[in-house]
Amino acid sequence: ALPSAVRDTLETGRVYLFSREFLEELPQRLTGPGRLRFLLQPAIAILLGWRSGLIDFRSGRPPYLYGLIVGGTNRKELLRSGLAAIRDLLAIGIVLDAVAQFLIYGQVHPGAALVVGPVLICLPYSLARALANRLARLGRHDPWK
C-alpha cells in the first residue's frame, strides 16, 4: 500500500491528503464498500463518549472538552482515558478506511486513512462525552441509575 502512495507522490509531485483529488473522492467513500462504517463508527463512539461522560460526572471531573482545553493538571488524565476508551475503535476505523480505499480506488493512501478514520470517531466521542457530563450536571443526577 505504501509504495503506491509514495509512487503517486513522486510521479505527480503532490501529497494526496492535501490534493483536490482527495476532496473530490470523499463523496465516493459514502457510496462505496464500507459506507455503513460512516454510521456505525460514530454511533459507537457516541455511546462510548456518553458512558465516559457519565463516569466523569460521577468522579467529579469537568466536562471533557472543557477539561482538555482548560483542565491544567487533569488534561493528561482526560486525554489518556479518552484514548484508552476509543483506541480499538480508532484502529478499526483506520484499517477500514484503508480497505475501503483499496476496494474503491485500487490503491491505499495511508495519510488519508489516518485522517478520515479518526475524524469519524474522535469528534463524536469528544462531543458526546462532554455533553453527557454537562447534561448530568444540569440535572444533578445520573440518568443511568
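Before reading on, note that the structure itself is shown above.
Note that the coordinates shown come from a computational prediction; the quantities given were computed from them, not determined experimentally.

Caption draft 1: View of the pattern of salt bridges. A complete count under the given rule lists three salt bridges for this structure. Residue Arg 129 pairs with Asp 56 through a salt bridge whose shortest N-O separation is 2.6 Å. With Arg 129 in helix H6 (residues 110-139) and Asp 56 in helix H3 (residues 37-59), this residue pair connects regions lying 73 residues apart in the sequence. In terms of burial, Arg 129 and Asp 56 fall into one category: buried. The structure contains a network of salt bridges with shared partners spanning Asp 56, Arg 61, Glu 77 and Arg 129.

Caption draft 2: A look at a nonpolar patch on the surface. Taken together, the side chains of Leu 36, Leu 39, Leu 40 and Ile 44 make up a nonpolar region of the molecular surface, amounting to roughly 390 Å² of accessible area. Looking at the element boundaries, Ile 44 is found in helix H3.

Caption draft 3: How the structure looks around the packing of aromatic side chains. Under the definition given, this model contains one aromatic pair. Relative to Tyr 125, the ring of Tyr 64 lies with its centre 5.9 Å away and its plane at 80°, an arrangement referred to as edge-to-face. Highlighted residues: Tyr 64 in helix H4 (residues 64-70) and Tyr 125 in helix H6, separated in sequence by 61 residues. A relative accessible area of 4% means that Tyr 64 is categorised as buried. The exposure class of Tyr 125 is buried, given its relative accessible area of 1%.

Caption draft 4: Representation of helix H5 (residues 75-105). By the largest-angle criterion, Ile 86 marks the main kink of H5, which is about 55°. After H5 finishes, the residue Gly 106 shows a positive phi value of roughly 80°.

Caption draft 5: Spatial organisation of the packing of H3 against H6. Where H3 contacts H6, the axes come no closer than 6 Å and their chain directions differ by 35°. The handedness of the crossing between H3 and H6 comes out as right-handed. Looking at the contact of H3 with H6 residue by residue, the classes come out as 18 nonpolar, five polar and four charged.

Caption draft 6: Up close: the nonpolar core. Ile 121 and Tyr 125 are the most contacted members of the largest nonpolar core, which totals 16 residues. Of all the elements in the fold, those that place two or more residues in this core are H3, H5 and H6. A per-element tally of this core places H6 first, with six residues. In this structure, Ile 121 is in contact with Gln 41, Ala 45, Ile 86, Leu 89, Leu 90 and Gly 93, ignoring residues within four places of it in sequence.

Basis of the calculations
Residues numbered from 1 in each chain as written. Predicted model: local features only at pLDDT ≥ 70, side-chain atom pairs only at ≥ 80, totals over all residues. Heavy atoms only, no water. Salt bridge = Lys/Arg side-chain N within 4 Å of Asp/Glu carboxyl O. Helix = DSSP H or I, 4+ residues; strand = E, 2+ residues; numbered from the N terminus. Buried < 20%, exposed > 50% of the residue type's maximum accessible area, 1.4 Å probe, protein only. Patch = residues over 30% accessible without salt bridge, like charges linked within 9 Å, V, L, I, M, F, W, Y side chains within 5 Å. Areas by Shrake-Rupley, 256 points an atom, 1.4 Å probe, with all protein chains shown as cover. Phe/Tyr/Trp six-rings, centres within 6.5 Å; stacked < 30°, edge-to-face > 60°. Bend = angle between axes of the 7 residues up to and from the residue. Axes fitted to C-alpha atoms, helices over the stretch in contact; angles between N-to-C directions. Left-handed = near helix turned anticlockwise from the far one by under 90°. Nonpolar A, V, L, I, M, F, W, Y, C, P; charged D, E, K, R; others polar. Core = buried A, V, L, I, M, F, W, Y, C linked by side-chain atoms within 4.5 Å. Contact = heavy atoms within 4.5 Å.

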